[in-house]
Amino acid sequence: LTLKPSSTDHKSSLIIRASQRGTVWLDMVSLIPKKTYKGHGLRPDICQMLADLKPSFIRFPGGCWVEGDDMAHMYNWKHTIGDIANRRPLWNIWGYWATHGLGYHEYLQLAEDLNASPLFCINVGMSHKEVIPMDQMGQWVQDALDAIEYANGPVNSLWGSFRSRFGHPQPFNLKLMEIGNENGGPAYRERWKLFYDAIKAKYPDVNLIADVWGGYPTNPMPDIIDEHYYNSPEFFIKEAGHYDNYNRKGPKVFVGEFAVTRGCGNGNLRGAIGEAAFMTGIERNSDIVVMACYAPLFAHLNHKRWNPDLIYFDNHRVYGTPSYYVQKMFSENRGDKVLPIDVQSSDVVATPRGGTIGVGTWLTQAEFKDIKVIQDGKVVYESDFSKGSEGWKFLGNGNWSVNEGALRQTRITENVRAIVQDKKFTEYTYTLKARKISGDEGFLILFNVNNENEKSWWNIGGWGNRRHGIEMGGIVGNEVPGSIETGRWYDIKIEVSRDRIKCYLDNKLIHNVPYPAVKSLYASASIVSKTKEVILKVVNVSTEPQTTAINITGKSGASGATAIVLTSEKSDDENSLDNPTKVSPKTTKLQVKGNSLQFEFPPNSLTILRIP
């Protein structure tokens, strides 16, 4: 049936009303507009956002969707092809039913429409909770073989004939298959071998990608391994050199999922800059890191189950986060040969020097009392639990109460915190008493807390009650051996000065460390051989502009350059449906004389210079 609405309503719905009493069965109802992306059923505006990224490949169906919470809810590609009315819907851990209107065939078609290589990730016989016995693995391996035949097989093959019947007689040319998603351990490694041997015997030109959880399999050796990273901006900045000294004798690397997920709002500039710094390291080491992709890709704003995502949409609008523009800038400005580069820049402090204070636990019950903050010899905060927990904010799934003048937490779970509300201290001494009641670890003593979602604490008796360490901005530092006894009160003191943090346990100095620092500038360089353009990507992660000399050794003759800059007034600036390009790149022209130029890199910025 073709329906033509008489007016526009972005929150309208379809109502099917019976004219009399009776029984009605609804099997599959789907409203699809006449105009779709290249006629293949998907929203043109959303797909155009994806096309504008100029992706080299598409990894699908993505993440935990592959293995499912249990085997009954794993992704089975054979349930997602053919007549949409006959496809089996699937309930998933993100809390909705999928009709599979976007199924295996449509994913392959989308990759082709985008001129991107398809990368299919298949279940390895493992869910979040279950493992298929080895003597029953035959059908799972066969599913992988059949998936490749569906994508690549001739029209006279079983699954190739299905593909042809559904409107695509030409092969899709699937050359990348990932076996499992975030699986690991002995169970994964023995199942990996089953898939590898069977697929390579029949399809030797298909590159197989292995998971790395608990160490990647080495018998047989994967073509590529998949590594995932989710963390704070400072973590990604610190890891910008992660692959500089990576083992070149093993398999190639696919950074299959990465994103700043802490201290990033709904997807802000600072998160994007952290990712950009990390990506300069990926590009510099593209001899070993052959692929990388942000995750997750899309989210409907009325049903978010993860934060952040790259592209947000509602029923009629779409926009990209600042991270979207980082991906776009890197993709649109790729050379074909990496150039050696030397970056000299100053250090900047990776975390704020001030903030509120708090206490917390990790898999432990504990209580805290006599909490005090002193500045310039004066007490500026002192706990008073005579009014209960007034003035405190509780984070995480804890069970807090006040007992005999102490703040007590009695739930054994991870990442439970309590912070003092509406306070911010700088250059102070923080003292308290703490006692472990039971559990696996010790105490979390929070200081310099500016973002509720970030770790900023002294972890006492952490990592299974084996070590003490300072965790700030995604960086774990100055770990030392140490444990906490149950039932004993400890005196704890943290001195926060302008340049150092000192931590005392029972009047014994445990840590005396400077603030975590990172370099202010990160860069990669490449050349486009055809046009003889040097492409220089520079990320300034500091809060100050960096005026820098850029020197290019080699042939001279450059007369002009193009600068593409992504930045904004504030580090926590975000895009939105109403202001979709608030944080987006701006392009200017520069004059270059000879082999050098001066450039001021704005704070929290990604700059791409294209230099003839």
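Keep in mind that this is a model prediction, so the values were computed, not measured.

1. Observations concerning the side chain of H511
Consideration 1: When you line up the elements, H511 lands in strand β30 (residues 508-514).
Consideration 2: A polar contact is formed between the side chain of H511 and the side chain of W458, at a distance of 2.9 Å.

2. Here's the deal with the pattern of salt bridges
Consideration 1: One pass over the full model with this rule turns up 33 salt bridges.
Consideration 2: A salt bridge links E283 to K537; the nearest nitrogen and oxygen atoms lie 2.9 Å apart. Remark: K537 occurs in strand β33 (residues 533-540) and E283 occurs in helix α7 (residues 269-284); sequence separation between them is 254 residues. Across this residue pair, the class does not change: E283 and K537 are buried.
Consideration 3: Taken together, the shared-partner salt bridges in this structure form one network comprising R59, E178, D226 and E257.

3. A look at the nonpolar core
Consideration 1: The biggest cluster of nonpolar side chains holds 99 residues, and the ones touching the most others in it are Y104 and M177.
Consideration 2: What M177 contacts, discounting residues up to four positions off in sequence, is F120, I122, A144, A147, I148, I199, V206, N207, L208 and I209.
Consideration 3: V359, F385, W392 and L407 belong to the second-largest nonpolar core, a separate cluster that totals 36 residues.

4. Side note on the pairing of strand β19 (residues 400-403)
Consideration 1: Sheet topology places β19 next to strand β20 (residues 406-409); four bridges connect them, and they run antiparallel. In the strand pairing of β20, S401 is matched with R408.

5. Considering the packing of α7 against helix α8 (residues 322-332)
Consideration 1: Between α7 and α8, the least distance of the axes is 8 Å, while the angle of their chain directions is 25°. Our classification of the angle between α7 and α8 gives roughly parallel. As α7 packs across α8, the resulting crossing turns out to be right-handed. Where α7 abuts α8, its residues L269, A272, E275, A276, M279, T280 and E283 lie against P322, S323, V326, Q327 and F330.
Consideration 2: Grouping the constituent residues of the contact of α7 with α8 by class yields seven nonpolar, three polar and two charged.

6. A word on the environment of E452
Consideration 1: Tracing the backbone through its elements, the reader meets E452 in the loop between β24 (443-449) and β25 (456-461).
Consideration 2: Distance from E452 to T36, taken between C-alpha atoms, is 42 Å for residues 416 residues apart in sequence.
Consideration 3: The contacts of E452, once residues within four sequence positions are left out, are K393, L395, R417 and I419.
Consideration 4: At 2.6 Å, the side chain of E452 and the side chain of K393 are in polar contact.

7. Quick notes on the sheet that holds strand β4 (residues 117-122)
Consideration 1: Sheet architecture is open: seven strands sit in the order β1-β4-β5-β6-β7-β8-β9, paired in parallel fashion. The open sheet is flanked by β1 (57-60) and β9 (289-294), the only strands paired with a single partner. Averaged over all pairs of adjacent strands, the angle between their axes in this sheet comes to 25°, without regard to strand direction.
Consideration 2: Pairing geometry for strand β6 (residues 207-211) and strand β7 (residues 224-231), over three bridges, is parallel. Bridging across to β7, A210 finds its partner in I225.

8. Let's talk about the packing of aromatic side chains
Consideration 1: Under the definition given, this model contains 36 aromatic pairs.
Consideration 2: Measuring from centroid to centroid gives 6.1 Å for W65 and W94, while their planes differ by 15°, and the two rings are stacked. With W65 in the loop between β1 and β2 (90-91) and W94 in the loop between β2 and β3 (97-98), the pair connects residues that are 29 residues apart, well separated along the chain.
Consideration 3: With a relative accessible area of 12%, W65 lands in the buried category.
Consideration 4: We classify W94 as partly exposed; its relative accessible area is 22%.
Consideration 5: Through pairs of rings, three or more aromatic residues link up here, namely F60, Y75, W77, Y104, Y107, F120, Y150, W159, F162 and F166.
Consideration 6: Across from the ring centre of F162, 4.6 Å away, lies the NZ or CZ of R165, which sits over that ring.

9. Considerations on helix α1 (residues 44-52)
Because each turn of an α-helix spans 3.6 residues, side chains separated by three or four positions end up pointing in the same direction.
Consideration 1: Along α1, the positions that sit buried rather than exposed are I46, C47, M49, L50 and A51.
Consideration 2: Elements that come into contact with the buried residues of α1 comprise β1, α2 (104-113), β10 (298-300), β11 (311-313), β12 (318-320) and α8.
Consideration 3: Where α1 terminates, the next one or two residues include K54, which has phi positive at roughly 50°.

10. Things to note about the sheet that holds β12
Consideration 1: On the basis of which strands lie adjacent, the open sheet formed by three strands has the order β10-β11-β12 and mixed pairing. Edge positions in the sheet fall to β10 and β12, since each has one partner strand and no second. Shown here is a sheet whose adjacent strand axes are inclined to one another by a mean of 20°, direction ignored.
Consideration 2: As paired elements, β11 and β12 share three bridges and run antiparallel to each other.

11. Observations regarding the environment of M279
Consideration 1: Relative to the helices and strands, M279 resides in helix α7.
Consideration 2: Take M279: its relative accessible area is 10%, and that puts it in the buried class.
Consideration 3: Taking C-alpha positions, M279 is 9.8 Å from V539, a pair spaced 260 residues apart along the chain.
Consideration 4: Those residues in contact with M279, other than ones at most four positions away along the chain, are F258, V326, Q327 and F330.

12. Remarks on the packing of α2 against helix α3 (residues 138-152)
To describe two helices that pack against each other, one gives the angle between their axes and the distance between the axes.
Consideration 1: Between α2 and α3, the least distance of the axes is 11 Å, while the angle of their chain directions is 50°. In terms of their interaxial angle, α2 and α3 are classed as oblique. α3 is crossed by α2, and the crossing has right-handed handedness. The residues of α3 that touch α2, namely those facing Y104, H105 and L108, are A147, I148, Y150 and A151.
Consideration 2: A class-by-class count of the residues in the contact of α2 with α3 yields six nonpolar, one polar and no charged.

Criteria and cut-off values
- Residues numbered from 1 in each chain as written.
- Predicted model: local features only at pLDDT ≥ 70, side-chain atom pairs only at ≥ 80, totals over all residues.
- Heavy atoms only, no water.
- Helix = DSSP H or I, 4+ residues; strand = E, 2+ residues; numbered from the N terminus.
- Polar contact = N/O pair within 3.5 Å; in protein donor to acceptor, adjacent residues only side chain to side chain.
- Salt bridge = Lys/Arg side-chain N within 4 Å of Asp/Glu carboxyl O.
- Buried < 20%, exposed > 50% of the residue type's maximum accessible area, 1.4 Å probe, protein only.
- Core = buried A, V, L, I, M, F, W, Y, C linked by side-chain atoms within 4.5 Å.
- Contact = heavy atoms within 4.5 Å.
- Pairing = 2+ DSSP bridges.
- Axes fitted to C-alpha atoms, helices over the stretch in contact; angles between N-to-C directions.
- Parallel < 35°, antiparallel > 145°, perpendicular 65-115°, else oblique.
- Left-handed = near helix turned anticlockwise from the far one by under 90°.
- Nonpolar A, V, L, I, M, F, W, Y, C, P; charged D, E, K, R; others polar.
- Phe/Tyr/Trp six-rings, centres within 6.5 Å; stacked < 30°, edge-to-face > 60°.
- Lys NZ or Arg CZ within 6 Å of the ring centre and 35° of its normal.

Geometric descriptors of this kind do not, in isolation, establish any biological role.
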